[in-house]
Amino acid sequence: MTYEIPAHHPNCFGCGTENPSSMGLQMHIEDRRVLGTIRFASHHEGGPGLAHGGAVAAVFDDVLGAVPSALHLPAVTASLTVEFRAPAVLGDDLEVEAHLERREGRKLYTRATMHRGTALLAEAHALFIVVDLAHFRRTGQPLPEAWSHWDDTPRS
Ligand SMILES: CC(C)(COP(=O)(O)OP(=O)(O)OC[C@H]1O[C@@H](n2cnc3c(N)ncnc32)[C@H](O)[C@@H]1OP(=O)(O)O)[C@@H](O)C(=O)NCCC(=O)NCCS
Ligand SMILES: CCCCCCCC(=O)O
């Protein structure tokens, strides 16, 4: 089954559609995996003509963050590790994939890869911790309507 995933919220740095600085990540779900596409632009530049490593890490944070979102579980990144295998060239069309490896209580162990065609550019794993929605309410900003059905079980 394939379905589109909405942005985490409209102003999300990774995937928001109303944030002019958004990285423009577009994602959908296919067979329990989050699949996405990204094209780095000049404002993501690190080495000449190449994506900044932090930009690559930000894409991973976002696509991995879609794994709990797709489960309607509020969760935040506790740790993120990236292994950079080959440079990501600005303007190339790249694919990312992320999935849940296992869950242990509030801990979600996730893994992701970034490819250009069949070439592996980078891989990442991250630990997400399930939180309650109070984690996000503390700023006073309204939460996205799309989150209204999310699990809001109190976590301590
Ligand atoms: C992640 C966070 C919610 C955890 O705080 P908490 O809800 O009080 O939960 P705890 O600190 O009790 O951690 C829960 C469990 O995760 C583990 N854990 C937390 N952070 C961890 C990390 N970086 N690495 C490994 N394990 C970690 C804890 O050891 C604990 O394990 P246990 O239940 O086996 O004892 C909190 O540290 C936080 O808000 N961090 C900022 C998150 C963030 O801003 N991320 C970027 C944007 S999404
Ligand atoms: C519940 C929404 C979580 C969004 C996580 C996006 C990545 C991040 O902010 O580091």
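Residues numbered from 1 in each chain as written. Chains lettered and ligands numbered in written order. Predicted model: local features only at pLDDT ≥ 70, side-chain atom pairs only at ≥ 80, totals over all residues. Heavy atoms only, no water.

Let us look at the packing of aromatic side chains. Scanning the entire structure with this criterion turns up two aromatic pairs. With a centroid separation of 4.5 Å and an interplanar angle of 10°, the aromatic rings of tryptophan 147 and tryptophan 150 are classed as stacked. Looking at tryptophan 147, the relative accessible area reads 9%, which means it is buried. With a relative accessible area of 11%, tryptophan 150 lands in the buried category. Aromatic rings pair up to connect Phe136, Trp147 and Trp150 into one cluster. Sitting over the face of the ring of tyrosine 109, arginine 102 holds its NZ or CZ atom 3.9 Å from the ring centroid. (Phe/Tyr/Trp six-rings, centres within 6.5 Å; stacked < 30°, edge-to-face > 60°. Buried < 20%, exposed > 50% of the residue type's maximum accessible area, 1.4 Å probe, protein only. Lys NZ or Arg CZ within 6 Å of the ring centre and 35° of its normal.)

Looking now at the site of ligand 1. Near ligand 1, the surroundings consist of Val76, Thr77, Ala78, Arg106, Lys107, Leu127, Ile129, Val131 and His135. Contact distances for ligand 1 include 3.2 Å between a nitrogen atom and a backbone N or O atom of alanine 78. Measuring from an oxygen atom of ligand 1, one finds a side-chain N or O atom of lysine 107 at 2.8 Å. Out of a free accessible area of 940 Å², ligand 1 has 40% covered by protein chains. Going through the elements one at a time, strand E4 (75–84) and strand E7 (119–130) are the ones with two or more residues in the shell around ligand 1. Here the shell around ligand 1 takes three residues from E4, the largest share from any one element. Residues that form the shell around ligand 1 fall into these classes: five nonpolar, two polar and two charged. (Near = heavy atom within 4 Å. Polar contact = N/O pair within 3.5 Å; in protein donor to acceptor, adjacent residues only side chain to side chain. Areas by Shrake-Rupley, 256 points an atom, 1.4 Å probe, with all protein chains shown as cover. Helix = DSSP H or I, 4+ residues; strand = E, 2+ residues; numbered from the N terminus. Nonpolar A, V, L, I, M, F, W, Y, C, P; charged D, E, K, R; others polar.)

Attention shifts here to helix H1 (residues 53–70). The terminal C-alpha atoms of H1, which comprises 18 residues, lie 26 Å apart, in line with the 26 Å expected from a rise of 1.5 Å per residue. For H1, the tally of buried residues reaches 14 of 18 residues, placing the bulk of the element in the interior. Of the residues one or two after H1, histidine 72 is the one with positive phi, at around 60°. (Expected span 1.5 Å × (residues − 1).)

Turning our eyes to something else, we now look at unusual backbone geometry. At aspartate 31, a residue that is not glycine, the phi angle is positive and equals roughly 50°. Within the fold, aspartate 31 resides in the loop between strand E2 (26–30) and strand E3 (33–38). Phi at histidine 72 takes a positive value of approximately 60°, unusual for a residue other than glycine.

Within the largest apolar cluster, 38 residues are counted, with the highest numbers of intra-cluster contacts made by Val34, Phe40, Phe60, Val63 and Met114. For this core, the secondary-structure elements that each account for two or more residues are E2, E3, H1, E4, strand E5 (94–104), strand E6 (107–116) and E7. If one sorts the elements of this core by residue count, H1 sits on top with 10 residues. Excluding residues within four positions of it along the chain, phenylalanine 60 makes contact with Gly65, Leu80, Val82, Ala112, Thr113, Met114, Ala122, Glu123 and Ala124. (Core = buried A, V, L, I, M, F, W, Y, C linked by side-chain atoms within 4.5 Å. Contact = heavy atoms within 4.5 Å.)

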